[in-house]
Amino acid sequence: MSDNELGTFLRTWREAVTPAEAGLPTGPRRRTPGLRRAELATLAGVSVEYLTRLEQGRDRNPSAQVLGALADALNLSLNDRMLMRRLTKEASGDDTLICAAAPTLSRAARPTVRAVLDRLEPAPALVINWIGDVLAHTAGYERLAGPLGMLDDERPNLLRYLFTDERARSAYRDWDRVADDLVARLRHGVPLRDPYLAELADELTVTAGADFTDRFADLTMAPRRTGSQHIEHPEAGSLQLLQETLALPDEGQRLVIHLPADDATAAALDRLNGRRPGALRAVAMGQTG
């Protein structure tokens, strides 16, 4: 990982915002993608020299006012503003509170969370920690994920499966979008100096190459709380699933629930689980928020 994450973040966003989006005229000759440094500096009310130092990592202590002005100029979302603030704290070395507040990486779900999983049967649901290790799951999830190879490893990990198991490419029709979301969640939800994140990132950098590293370097991607997935299942056929993610912040875990997006998927999951038709009901796409 780079030691200039804040500079990379600012430069990436500057190059992603078009002059039109920033309310600037678009000239016929523009060699720079997005905004020029001078343009962003003017919009944010800072000098070009200062913005250059920030992007190059030679200044790592911008004030809250400067961060706010840059965020306004780049039209950042709340999540991206929070990420920029976290990157600033880590760049300046003032990340003791962030790191101290992070719980120890858990390898198990507590009993009450497992009881919630029991209540969710037969829906495919699982609990993962912040690097994507699968800690617990419903029987419905095992019937969904088992035939895809997701649970083959002694310690299953969603990112490792997605990026290194060839079966994942066949299973996920929207593989690129699923990969974008998993890596964005990894980048946004974990302190960058977390040793478990560093270990997994180093592993996938070697085993997955550019498919992983390009996404890991892209700080503009933000994770979604809800989403959809199209899975080609060897036993159940084509499945359209909606995904809801609930945070368990005290443990650094997430509860992920998959729900059928249409009646055909609901019926297929019922057959897969050996349940009577109607055990699972489709959730309309418009209800996901």
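Bear in mind that the values here come from a model prediction, so they are computed numbers and not experimental data. Going along each chain's sequence as written, the residues are numbered from 1 onward. Only residues with pLDDT of at least 70 get local features here, since the model is predicted, and only at 80 or more are side-chain atom pairs given and counted; chain-wide, interface and lining totals rely on the full set of residues. Excluding hydrogens and water, the side-chain values take into account all heavy atoms of the structure.

## Some remarks on the overall build of the chain
Next, step 1: Of the regular secondary structure elements, the chain holds 14 helices and five strands.
Next, step 2: A principal-axis box enclosing the C-alpha atoms of the chain has dimensions of 65 × 45 × 35 Å.
Next, step 3: Taken across its 289 residues, the chain has 49% of its residues classed as buried.
Next, step 4: The long-range fraction of contacts in the chain, counting pairs at least 24 apart against all pairs at least 6 apart in sequence, stands at 54%.
Next, step 5: Carbon together with sulfur atoms contributes 50% to the accessible area of the chain, which is approximately 14400 Å² in total.
Next, step 6: Counted as positive: Lys and Arg. Counted as negative: Asp and Glu. His and the chain ends are not counted at all. In plain terms, the charge of a residue is placed at NZ if it is Lys, CZ if Arg, CG if Asp and CD if Glu. Both charge centroids of the chain, one from 36 positive and one from 41 negative side chains, sit 4 Å from each other. Here a strand is any run of E in DSSP of at least two residues, a helix any run of H or I of at least four, and the numbering for each starts at the N terminus. With a 1.4 Å probe rolled over the protein chains alone, any residue whose accessible area is under 20% of its type maximum counts as buried; one over 50% counts as exposed, and the rest are partly exposed. Between two residues, a contact is recorded if the distance between any of their heavy atoms is within 4.5 Å. Under the convention used here, a 1.4 Å probe and the Shrake-Rupley method define accessible areas, while residue burial counts only the protein chains that appear.

## So, the packing of aromatic side chains
Next, step 1: Any pair of Phe, Tyr and Trp rings, taking the six-membered ring for Trp, is counted once the centres come within 6.5 Å. Such a pair is stacked with planes under 30 degrees apart, edge-to-face with planes over 60 apart, and tilted for the rest. Applying the stated criterion across every chain, the model contains four aromatic pairs.
Next, step 2: Their ring planes at 80° and their centres at 5.5 Å tell us that F163 and W175 sit as a pair that is edge-to-face. Residue F163 is located in helix α9 (residues 158–164), and its partner W175 is located in helix α11 (residues 175–189); the two are separated by twelve residues in the primary sequence.
Next, step 3: On the numbers, 5.2 Å between centres and 25° between planes, the contact of F212 with F216 is stacked. Of this pair, F212 and F216 are both found in helix α13 (residues 210–217), four residues apart, which corresponds to roughly one turn of the helix. You'll find F212 and F216 in the same group, each marked buried.
Next, step 4: Through a chain of ring-to-ring contacts, the aromatic side chains of F163, W175, F212 and F216 assemble into a single cluster.
Next, step 5: Two limits define a charge over a ring: the Lys NZ or Arg CZ must be within 6 Å of the ring centre, and within 35 degrees of the ring normal. Here the guanidinium or amino end of R169 rests over the ring plane of W175, the centre of that ring lying 3.6 Å away.
Next, step 6: Between the NZ or CZ atom of R187 and the centre of the ring of F216, over which it lies, the distance is 4.3 Å.

## Some details on the pairing of strand β5 (residues 253–260)
For a regular strand, side-chain orientation follows a simple rule: the groups alternate between the two sheet faces.
Next, step 1: Across the eight residues that make up β5, a large majority, seven, are buried.
Next, step 2: Strand pairing is assigned whenever DSSP detects at least two bridges linking the two strands. Both strand β1 (residues 125–129) and β5 contribute to a ladder of five bridges, which runs antiparallel. Considered in β5, the bridge of A125 is made with I257.
Next, step 3: Strand direction decides the pairing type here: strand β4 (residues 237–248) and β5, joined by eight bridges, are antiparallel. Bridging from a neighbouring strand, L242 pairs with L259 of β5.
Next, step 4: As consecutive antiparallel partners, β4 and β5 are separated by four residues, and within that stretch G252 has a phi angle of approximately 65°, a positive value.

## Quick word on unusual backbone geometry
Next, step 1: Here the bond from E121 into P122 is cis, since omega is 5°, no more than 30 degrees from zero.
Next, step 2: In this fold, P122 is placed in the loop between α7 (111–120) and β1.

## Description of the packing of α11 against α13
Next, step 1: Lines are fitted to the C-alpha atoms to define the axes, a helix being fitted only along its stretch in contact, and any angle between axes, read from their N-to-C directions, falls within 0 to 180 degrees. One can describe the packing of α11 onto α13 by two numbers: an axis separation of 9 Å at closest approach and a directional angle of 50°. It follows that α11 is oblique to α13 by the angle criterion. Crossing angle aside, the handedness with which α11 passes α13 is right-handed. Contact residues: W175, D176, A179, D180, V183, L186 and R187 in α11; D211, F212, R215, F216 and A217 in α13.
Next, step 2: Residues are grouped as follows: nonpolar covers Ala, Val, Leu, Ile, Met, Phe, Trp, Tyr, Cys and Pro; charged covers Asp, Glu, Lys and Arg; every other residue, Gly included, is treated as polar. Residue composition of the contact of α11 with α13, by class: seven nonpolar, no polar and five charged. Working rule for angles: under 35 degrees goes down as roughly parallel, over 145 as roughly antiparallel, 65 to 115 as roughly perpendicular, anything else as oblique. In this scheme the handedness of a crossing depends on how the near helix is turned from the far one: anticlockwise by less than a right angle means left-handed, clockwise means right-handed.

## Re the side chain of N4
Next, step 1: Position of N4 relative to the elements: it lies in the segment before α1 (5–16).
Next, step 2: For the purposes of these results, a polar contact is taken to be a pair of N or O atoms within 3.5 Å, where, inside protein, one atom must be able to donate a hydrogen and its partner to accept one; residues adjacent in sequence count only when each atom of the pair is a side-chain atom. Of note is the side chain of N4, whose polar atom sits 2.9 Å from the backbone oxygen of E55.

## So, the nonpolar core
Next, step 1: We define the nonpolar core as a collection of buried residues of types Ala, Val, Leu, Ile, Met, Phe, Trp, Tyr and Cys that are connected through side-chain atoms lying within 4.5 Å of one another. Ranked by internal contacts, the top residues of the largest apolar core, which has 44 residues, are M150, L159, L162, F163, Y172, F212 and L239.
Next, step 2: Listed in part, the 25 residues of the second largest apolar core include L6, L40, L74 and A91.

## A word on the side chain of T265
Next, step 1: Looking at the secondary structure, you find T265 in helix α14 (residues 263–273).
Next, step 2: Classification of T265 by relative accessible area gives buried; the value is 2%.
Next, step 3: Setting aside chain neighbours within four positions, we find T265 in contact with S238, L239, Q240, L241 and P260.

## Re the pairing of strand β2 (residues 134–137)
Next, step 1: Here three bridges tie β1 to β2, and the two strands are oriented antiparallel to one another. Residue pairing for β2: L126 is matched across the bridge by H137.
Next, step 2: Where β1 folds back on β2, the antiparallel hairpin that results is connected by four residues, among which G132 adopts a positive phi of roughly 95°.

## Here we look at α13
Next, step 1: If you check which residues of α13 are buried, you get F212, R215 and F216. One side of α13 carries all its buried residues, which in axial view fall inside an arc of 100°.
Next, step 2: In the core, the buried residues of α13 are packed alongside α9, α11 and α12 (195–207). This arc is taken over the directions from the axis of the helix to the C-beta atoms.

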